[in-house]
Amino acid sequence: MRSLSLFGATGSVGQSTLDLVRHDAASWQVSVLTAHSDVAGLAALAREFQVKLAVIADPSRYDELVAALAGTGIEVAAGPDALVDAAKHPVDLVVAAIVGIAGLAPTMAALEAGHNVALANKESLVSSGALMMQAARASGATILPIDSEHNAIFQCLTGSSLEDVRRIILTASGGPFRTKSAAEMAVMTPAQAVAHPNWSMGAKISVDSATMMNKGLELIEAHHLFPIGLEKIEILVHPQSVIHSLVEYRDRSTLAQLGSPDMRIPIASAMAWPRRMHAPCQPLDLTRIGRLDFEAPDEQRFPATALCRAAISEGGGRPAQLNAANEIAVAAFLAGKIGFTAIVDLVKHVMDHESPVAPTSLHDIFMVDAASRQHAQILMDAHAHG
Ligand code: NAD
Ligand code: MG
């Protein structure tokens with residue numbers, strides 16, 4: 001029996017994680033579950049998995065959660081500080097599946113406590129990669145990537161040394177607008193942007209996939225997780241999402257990890273590491289798939305990956321700034337306030353007009369994050385009124 005805490009239980013990755021637990025209930029004790037504001041959803045899961053602690057991030061929902069779990073003996077807490085405390089709860093594995101910078105503080109707390117972290121929350125690594133990797137090294141914690149590409153690379157690196165890696169190739173589906181012109185993209189709606197051809201995911205990452213910002217964030221993620229040098233990490237568009245990434249070694253041997261596009265496969269790989277567990281997923285049927293296609297990324301139509309490469313090359317506060325502006329822009333797009341191509345334009349504008357301080361602490365990261373959000377918001381307000 002292994003114990004786990006799951007941050008972001010009500011989300012897409014959270015649901016996939018709990019589905020794996022349901023299929024192997026005898027092996028797992030779920031100790032902590034958290035959610036942002038869905039009290040009913042969190043309470044139902046807390047009861048089902050008989051957890052020790054349920055945390056709702058929105059502090060105004062505390063009383064509601066207390067009432068929903070009355071008589072169960074389940075401990076209840078609320079607010080961002082409670083999330084950080086919950087991350088220190090003694091468990092064998094912490095699954096970090098909150099979306100956005102909101103996941104950073106609890107993920108850092110888990111790493112500092114020495115817990116192995118199965119990491120889906122890419123925004124934390126993008127904003128604060130150096131500090132997170134340092135925290136993991138200091139405490140002896142292992143970061144097990146859940147993001148399918150990074151999980152694929154992690155698997156392809158098993159038993160090998162990073163010194164022998166010549167190249168990492170991050171695959172990208174290209175998203176729902178892969179074949180659209182810039183003019184067509186400018187009028188795409190939130191509903192069209194979240195309709196990903198291969199993967200079913202939360203709204204924010206779906207929009208990031210459509211702009212290709214997701215692949216840029218993943219480039220930054222890969223740079224921290226697999227430090228072989230940015231120039232050795234390439235992006236390859238592969239519309240079928242069957243090959244999840246590749247590692248080329250210096251002897252020109254190239255290893256790939258393949259699987260159906262189902263997040264439960266990389267999540268199972270991280271959960272069971274270094275062993276394997278059963279995952280109730282479709283086997284890969286290559287005869288049915290028939291062919292695998294590849295193309296070079298088009299950074300004219302999709303400038304987000306170049307922005308991300310520039311941000312991580314410069315380093316310092318740039319990636320945190322980029323991430324924060326992107327979170328604001330995606331939220332505004334989803335709310336119908338800005339157009340699709342304005343997302344990346346806004347991020348670029350913030351980066352062009354403000355130089356963030358070089359962060360040396362989590363506090364500094366939050367300062368850069370807040371300044372960038374504010375800047376992005378002011379730009380949008382000016383645009384709306386101008
Ligand atoms: P989602 O929107 O479906 O779920 C997000 C979860 O985070 C929910 O449980 C929500 O309650 C919680 N949350 C949101 N805002 C919060 C806040 N302010 N404080 C505390 N909790 C909050 O998102 P998702 O698609 O499951 O993605 C989660 C993370 O995993 C993201 O970083 C995403 O980039 C990454 N990821 C997701 C997938 C996927 O297939 N969905 C694949 C790769 C990586
Ligand atoms: Mg991914």
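Residues numbered from 1 in each chain as written. Chains lettered and ligands numbered in written order. Predicted model: local features only at pLDDT ≥ 70, side-chain atom pairs only at ≥ 80, totals over all residues. Heavy atoms only, no water.

A. Expanded view of the overall build of the protein. Helix and strand counts for the protein stand at 17 helices and 11 strands. Relative to the globule expectation of 21 Å for 386 residues, the C-alpha radius of gyration of the protein, 20 Å, shows essentially globular dimensions. Over its C-alpha atoms, taken along the principal directions, the protein stretches across nearly 60 × 55 × 40 Å. Counting across all 386 residues of the protein, residues that qualify as buried make up 54%. Excluding contacts between residues fewer than 6 apart, the proportion of contacts in the protein whose partners are at least 24 apart in sequence is 67%. Entry remark: accessible area of the protein is about 16,300 Å², with carbon and sulfur atoms responsible for 53%. (Helix = DSSP H or I, 4+ residues; strand = E, 2+ residues; numbered from the N terminus. Rg over C-alpha atoms; globule rule 2.2 N^0.38 Å. Buried < 20%, exposed > 50% of the residue type's maximum accessible area, 1.4 Å probe, protein only. Contact = heavy atoms within 4.5 Å. Areas by Shrake-Rupley, 256 points an atom, 1.4 Å probe, with all protein chains shown as cover.)

B. Region of interest: the sheet that holds strand β10 (residues 243-249). Strand order in the open sheet formed by 4 strands is β9-β8-β10-β11, and the pairing between neighbours is mixed. Edge positions in the open sheet fall to β9 (233-237) and β11 (254-258), since each of these has one partner strand only. Across the sheet, the mean angle from the axis of one strand to that of its neighbour is 20°, orientation sign disregarded. As defined by bridge partners, β10 adjoins β11 across 5 bridges and the pair is classed as antiparallel. Note on β11: the bridge partner recorded for S245 is Q257. Here helix α7 (residues 148-156) sits on the sheet in contact with β8 (165-172), β10 and β11, set at roughly 40° to β10. On top of the sheet, helix α11 (residues 213-225) reaches β8 and β9; it is set at about 150° to β8, its chief contact. (Pairing = 2+ DSSP bridges. Axes fitted to C-alpha atoms, helices over the stretch in contact; angles between N-to-C directions.)

C. Broad picture of the side chain of K122. Inspection of the secondary structure assignment puts K122 in helix α6 (residues 122-139). Given the relative accessible area of 4%, K122 is considered buried. At 2.8 Å, the side chain of K122 forms a polar contact with the side chain of D147. Side-chain polar atoms of K122 contact the side chain of N214, separated by 2.5 Å. When sequence neighbours within four positions are dropped, the list of residues in contact with K122 reads D147, I205, N214, L217, E218 and E221. (Polar contact = N/O pair within 3.5 Å; in protein donor to acceptor, adjacent residues only side chain to side chain.)

D. Representation of the domain arrangement of the protein. Entries for the protein in the domain assignment read domain 1 (2-145) and domain 2 (161-260 + 284-385). Using only C-alpha atoms to locate each centre, domain 1 and domain 2 end up separated by 25 Å. Across the contact, 19 residues belong to domain 1 and 24 residues belong to domain 2. Taken over both partners, the interface formed by domain 1 and domain 2 buries close to 1,700 Å², and the fraction arising from carbon and sulfur atoms is 71%. Ranking the residues of domain 1 by area buried against domain 2 places I101, K122 and V126 at the top, with a combined share of 35%. Taken together, domain 1 and domain 2 are joined by 2 salt bridges. As a salt-bridge pair, E218 and K122 come within 2.9 Å of each other at their nearest N and O atoms. On the surface where domain 1 and domain 2 come into contact, there are 5 residue pairs in polar contact (both at pLDDT 80 or more). Going through the elements one at a time, α5 (104-112), α6 and β7 (143-145) are the ones with two or more residues in the side of domain 1 that touches domain 2. (Domains from an automatic or database assignment. Buried area = accessible area lost by both parts, 1.4 Å probe. Salt bridge = Lys/Arg side-chain N within 4 Å of Asp/Glu carboxyl O.)

E. View of the coordination of the magnesium ion (ligand 2). Within the protein, the atoms that donate to the magnesium ion (ligand 2) are D147 (OD), E149 (OE) and E218 (OE), at distances of 2.0 to 2.2 Å. Given the relative accessible area of 7%, D147 is considered buried. (Donors = N, O, S within 2.8 Å, 3.2 Å for Na, K, Ca; no water.)

F. Molecular detail of the packing of helix α14 (residues 304-314) against helix α15 (residues 318-334). Taken N-terminus to C-terminus, the directions of α14 and α15 make an angle of 145°; their axes are 7 Å apart at the nearest point. Of α15, the residues touching α14 (which contributes L307, C308, A311, I312 and E314) are R318, P319 and L322. Tallied by class, residues from the contact of α14 with α15 come to 6 nonpolar, no polar and 2 charged. (Nonpolar A, V, L, I, M, F, W, Y, C, P; charged D, E, K, R; others polar.)

G. Just the layout of surface pockets, in detail. Roughly 380 Å³ of internal volume is contained in the second largest pocket. Lining of the second largest pocket is provided by 17 residues; of these, M133, I143, F154, L225 and F226 occupy positions nearest its centre. Counting only elements with at least two residues in the lining of the second largest pocket, the list comes to α6, β7 and α11. Sorting elements by how many residues they give to the lining of the second largest pocket places α6 first, with 3 residues. Counted by class, the lining of the second largest pocket contains 11 nonpolar, 5 polar and 1 charged residues. Here the lining of the second largest pocket gathers at least three residues from each of two domains, domain 1 (2-145) and domain 2 (161-260 + 284-385). (1 Å grid on protein atoms, 1.4 Å probe; cavity = no way out; pocket = protein on both sides within 12 Å on 5 of 7 lines; lining within 4 Å. Points joined across faces, edges and corners; volume = space filled by probe spheres on them.)

H. Molecular detail of the nonpolar core. One finds L322 and F340 to be the most contacted residues of the largest nonpolar core, which totals 85 residues. In terms of residue count, α15 provides more of this core than any other element does, 8 residues in total. Excluding residues within four positions of it along the chain, F340 makes contact with F177, M185, A186, M188, A193, V207, A210, T211 and F333. Core analysis: the second largest hydrophobic core is formed by 39 residues, L4, W28, V76 and I146 among them. (Core = buried A, V, L, I, M, F, W, Y, C linked by side-chain atoms within 4.5 Å.)

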